[in-house]
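# Observations on chain architecture
Here are the chains, one letter per residue:
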Amino acid sequence: MTDEGIEAATGCARETPFRYALGVVESSLAPALLLAMPDLQDPNFRRAVVLLVHHDEEGTIGLVLNRATEVCAPDLCESLGIRWQGEPDRHIHWGGPVQPNTGWVVAGEAALAGVPEVTSVSERTHFAGSLEALRRVAAHAPHQLRIFLGYAGWGPGQLEDELAAGAWIVAPLSPETIFDVDEDRLWEHVWGELGVDPGTVVGTPGVH
C-alpha cells in the first residue's frame, strides 16, 4: 500500500483507511436514522439521511447514506492491494466530513460473519472498519452493501442541541432503507415512511 495509491483513489491527503471500528452503544439515538429537516442549509447535510451507529455521552458517529463519491470500489481496493470481484461500477459513499480516508463497511445478513470487530447496527445489518471486512466484501460482494469514506461526528451533547434546535429528526431504520432505496430519493422516502410531506414541515425548536 503506497501513499500515491491512496491519494490517487481518494483525492485526499493520505491517512490509512479502514483502520478502526467503533462498537454500537444502545441508547435513545443509536442505532437509528437521522433525517435532515427541510430548512437545514449546511451543504454537508442538506437533505441528508444519516445512519447513526454510535452515540453516548462522549459523542455521536454517523454515516451519510445519500452521498456518492466519484471513487469506485475497484479503484479503492486496488490502492489497498485488494482485488475487487464485485460490480465494477459500484461507487464508494461519502460518509461525512470527518477523517475522509477512514473507511467503513456496512453489510446485510451474514456478509461479515466471522470478521473481527464487527458490530451490529440492527439484527440484520452490521458494520466494521477493518481491512479484513473490506477484503471479505471485495471477494464476495453481497447485494446489501455500502462502503464509506469519512464519517459525520458530533461532540458531547452537540447532536442533542441540534435536535432541540429543530435541525434533525430521528427516524427508525431498516435494511431496506439502508440498502435498497436509490440515494437520489432516499430523503423523500424516509419522510414518506414517517407519513409526513416534508413540504409541510417547519423546523422549530423541539422538533425531533
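Read on for a plain summary of the structure. (Residues numbered from 1 in each chain as written. Predicted model: local features only at pLDDT ≥ 70, side-chain atom pairs only at ≥ 80, totals over all residues. Heavy atoms only, no water.)

## Observations concerning helix α3 (residues 131–139)
Short version of the rule: Burial status follows relative accessibility: with a 1.4 Å probe on protein chains alone, a residue under 20% of its type maximum counts as buried, one over 50% as exposed, and anything between as partly exposed. Helix and strand assignments come from DSSP, with helices taken as H or I runs of at least 4 residues and strands as E runs of at least 2, each series counted from the N terminus. For this quantity, the arc is that covered by the directions from the helix axis to the C-beta atoms. In what follows, a contact means two residues having at least one pair of non-hydrogen atoms within 4.5 Å.
For α3, the full list of buried residues reads Ala133, Leu134, Val137 and Ala138. The arc that holds the buried residues of α3, viewed along the axis, is 130°, so those residues lie on one side. The elements touched by buried residues of α3 are α2 (73–79), β6 (98–108), β8 (125–128) and β9 (145–154).

## Notes on the pairing of β6
Successive residues of a regular strand alternate their side chains across the two faces of the sheet. We apply this condition: Two strands form a pair only when DSSP identifies at least two bridges running between them.
The buried fraction of β6 amounts to eight of the eleven residues, a majority that puts the element mostly inside the structure. With six bridges joining them, β6 and β9 adopt antiparallel strand pairing. Directly across from Val105, in β9, lies its bridge partner Ile147.

## Brief notes about the layout of surface pockets
Our working rule: A cavity here means a set of 1 Å grid points, computed over protein atoms only, where a 1.4 Å probe fits but cannot escape. A pocket is an open set with protein on both sides within 12 Å along at least 5 of 7 lines, and lining residues have an atom within 4 Å of a point. Grid points are joined across faces, edges and corners, and a volume is the space filled by probe spheres set on the points. Charged residues are taken to be Asp, Glu, Lys and Arg, nonpolar residues to be Ala, Val, Leu, Ile, Met, Phe, Trp, Tyr, Cys and Pro, and polar residues to be all remaining types, Gly included.
Here the largest pocket is characterised by a volume of approximately 360 Å³. Taken together, 16 residues line the largest pocket, and the ones lying closest to its centre are Arg90, His93, Leu145, Arg146 and Phe179. For the lining of the largest pocket, the secondary-structure elements that each account for two or more residues are β5 (91–94) and β9. In the lining of the largest pocket, the residues fall into five nonpolar, four polar and seven charged.

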